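What follows is each chain in one-letter form.
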Amino acid sequence: MAPLQCSCPSAPTRPPVEQRGCSSHTVRSQATHSNSGPGDGVQLQRARTRLASAFFAYFVLGWGDGVTGTLLPYFKQDLHLSFLLSSLFWAASATGYALGTISVEHVTRFLGRIRFHTNRPPSVITFPLRSRDNSVPSSEKETSIIGFSRSRSRFYTMMCASVLHAAFFVLMGSKSGFASMMIAYVISAFARSFVSGASNQNVYVPSVSKGGLGFLYGFTSVGGFAAPLVCQSIIATGIRWANFYFGSLVLSALNTSFIIYAFWPTKQELQGDAELAWKLYQTVARHADAASSIMPSMHASPTSSTAPMLRKRDILGPRSELVVTLSAYTAALRNLHTWTSAVFSLIYTGSESTTQGFIVVYLLSTRHASPKTAGYVTSGFWGGMALTRFLWGYLGHIISFRQRKWIVQACIPPTAIAFTMHLLILLVPSFIENAISTAIVGAVYGPIFPANLASARDLLPAEVHLVSLAIIAACASFGAALFPFIAGLLSSTVGAHTLPYITIAQTVAMFAIWFLLPSRPPTAQD
């Protein structure tokens, strides 16, 4: 094949980049500013709709996750599972979340691939996947490139997450056995990782304050609050628990419909993506013209057409705005605050998952609670968490670093709220009191995790934020699998009454770690 000519074929119809020495990052900034005028009007118009759709997506995620503790006794009874096997559901969720976190960037890049033409508007539907695009005349193939569309990637990522989560409901409702349920939990967490990653890339609407996005996790807790209420009410009437999952498909259908309506890319958004891709292409082509040694940077598309394709590092992808160097990894791994926050997250998520997952089993076995009402306790836990997470979403960006430090300190230490509630669950043989204590534990647990992330961002240097927050999230996912497994193991070998001993030890450990964190942010980053 003859080498690609350095002059851009779209130059007559696309405005050239005047700065010959500018980088791709500079072009992205210029394109962003150039499209900020008219585009802001479209974003403002659709901002509320998209944010509402994101809220509902998080609600559906919480709906699927929050009911596990309520149904765990029925899983054990119908599938003849031990406590140890039951605890593996949380391990499956951690596995699915880890797989999704690893693959989310590659998937979003793939879903955002689009062929941009000089004489036709971009399309949301078509993908440049065929070996040869026969629908494009040969005269037009020379004036097209394959680039990345952020709006298209956002739309298809949200769609895939919604469809995958619907598959979770189908597998759980089919009652096909323990193996299929494990796969279902992997799929559910995989979809959740896509939507969670969307908090930064996919559901973020630039015209909405980031403070509004703080309510996203509050809607997850609302879903976790509503699902046990509905599920326990259904079971109390004699309907089998599997029908709850089939009925939840209605929510999945609504979620998918809302995503299509809210996140379908507008013509202006696609046109902005096309302008940016062409400017990036022109920049790379000019560099190739200046130095033939970098000619391979513009190579033929895998579609076997004559349209060039931008390299991954030239395409505006999820990580193209920030390049993580080896020194950033080293600095993050050596930073004490990274591991302090990571270990704290590991213990916290373990305590949260263990409490909401095994409290119903504990009440049934030690407090002899009624199977028709015990499931409501899980709803109380999520309800308390929803209240404080909404409150934190409003106050989180208002309170100071020192205030945040001592608010969380008041939630978890010995002689204070969380420790006292777990102690009452252990010592007071009353179902009603234990249910109230569980709801209060959920309320005080609500702000802890977002406060830990906010403290980590304030304590860590900006250049290690991406790596450090990834480590913290990984440890949190691991804790959500490790401690329920330990609780299941102890429940199988010793008894379900061991639950409060685990949670009390976790609150003491969280207090000790949080106490070691500084009360004031650093005045200067090293």
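Think of each chain on its own: its residues are numbered from 1, step by step along the sequence as written. With pLDDT at 70 or above as the cut-off, local features in this predicted model cover only qualifying residues; side-chain atom pairs require 80 or more to be listed or tallied, and sums for whole chains, interfaces and linings still use all residues. Just so you know, side-chain values use all the structure's heavy atoms and leave hydrogens and water out.

### So, the overall build of the protein
The way it works is that DSSP assigns letters per residue, a run of H or I at least four long becomes a helix, a run of E at least two long becomes a strand, and they are numbered from the N terminus. For the protein, the count of helices and strands is 20 helices and four strands. Categorising residues by exposure relies on relative accessible area from a 1.4 Å probe, with only protein chains included: less than 20% of the type maximum marks a residue as buried, more than 50% marks it as exposed, and the intermediate range marks it as partly exposed. The proportion of buried residues among the 526 residues of the protein is 54%. Considering only contacts within the protein whose residues lie at least 6 apart along the sequence, 84% involve residues at least 24 apart. Working note: accessible area of the protein is about 22,600 Å², and carbon and sulfur atoms make up 67% of it. Should any heavy atoms of two residues lie within 4.5 Å, those residues are counted as being in contact. Only the protein chains shown count as cover for residues, and the accessible areas themselves come from Shrake-Rupley with a 1.4 Å probe.

### Structural notes on the pattern of salt bridges
Salt bridges are defined by distance alone: a side-chain nitrogen of Lys or Arg within 4 Å of a carboxyl oxygen of Asp or Glu. All told, the structure shown has three salt bridges when counted by the stated rule. Glu 352 is the partner of Arg 389 in a salt bridge, and the nearest nitrogen-oxygen pair spans 3.9 Å. Of this pair, Arg 389 sits in helix 14 (residues 376–395) while Glu 352 is found in helix 13 (residues 336–366), placing the two residues 37 residues apart along the sequence. On the basis of relative accessibility, which here comes to 10%, the residue Arg 389 falls in the buried class.

### Notes on the confidence of the model for the protein
Summary statistics for the protein give a mean pLDDT of 77 and a share of 73% for residues scoring 70 or more. Confidence of the predictor in every single residue is expressed as pLDDT, which spans 0 to 100. The least confident element of the protein, judged by mean pLDDT, is strand 3 (residues 298–300) at 40; the most confident is helix 10 (residues 242–263) at 94. Note that residues 292–324 has pLDDT below 50 and, in this model, 90 contacts with residues that lie over four places away or in other chains.

### Here we look at a nonpolar patch on the surface
Without a salt bridge and with relative accessible area above 30%, a residue can belong to a patch; like charges are then joined within 9 Å and nonpolar side chains (Val, Leu, Ile, Met, Phe, Trp, Tyr) within 5 Å. The grouping of Ile 417, Ile 432, Ile 436 and Ile 440 at the surface amounts to a nonpolar patch, some 350 Å² of accessible area in total. Among the elements that make up the nonpolar patch, the one with the highest residue count is helix 17 (residues 431–445) (three residues). Turning to its location among the elements, Ile 436 is positioned in helix 17. Of the residues examined, Ile 436 reaches a relative accessible area of 49% and is grouped as partly exposed.

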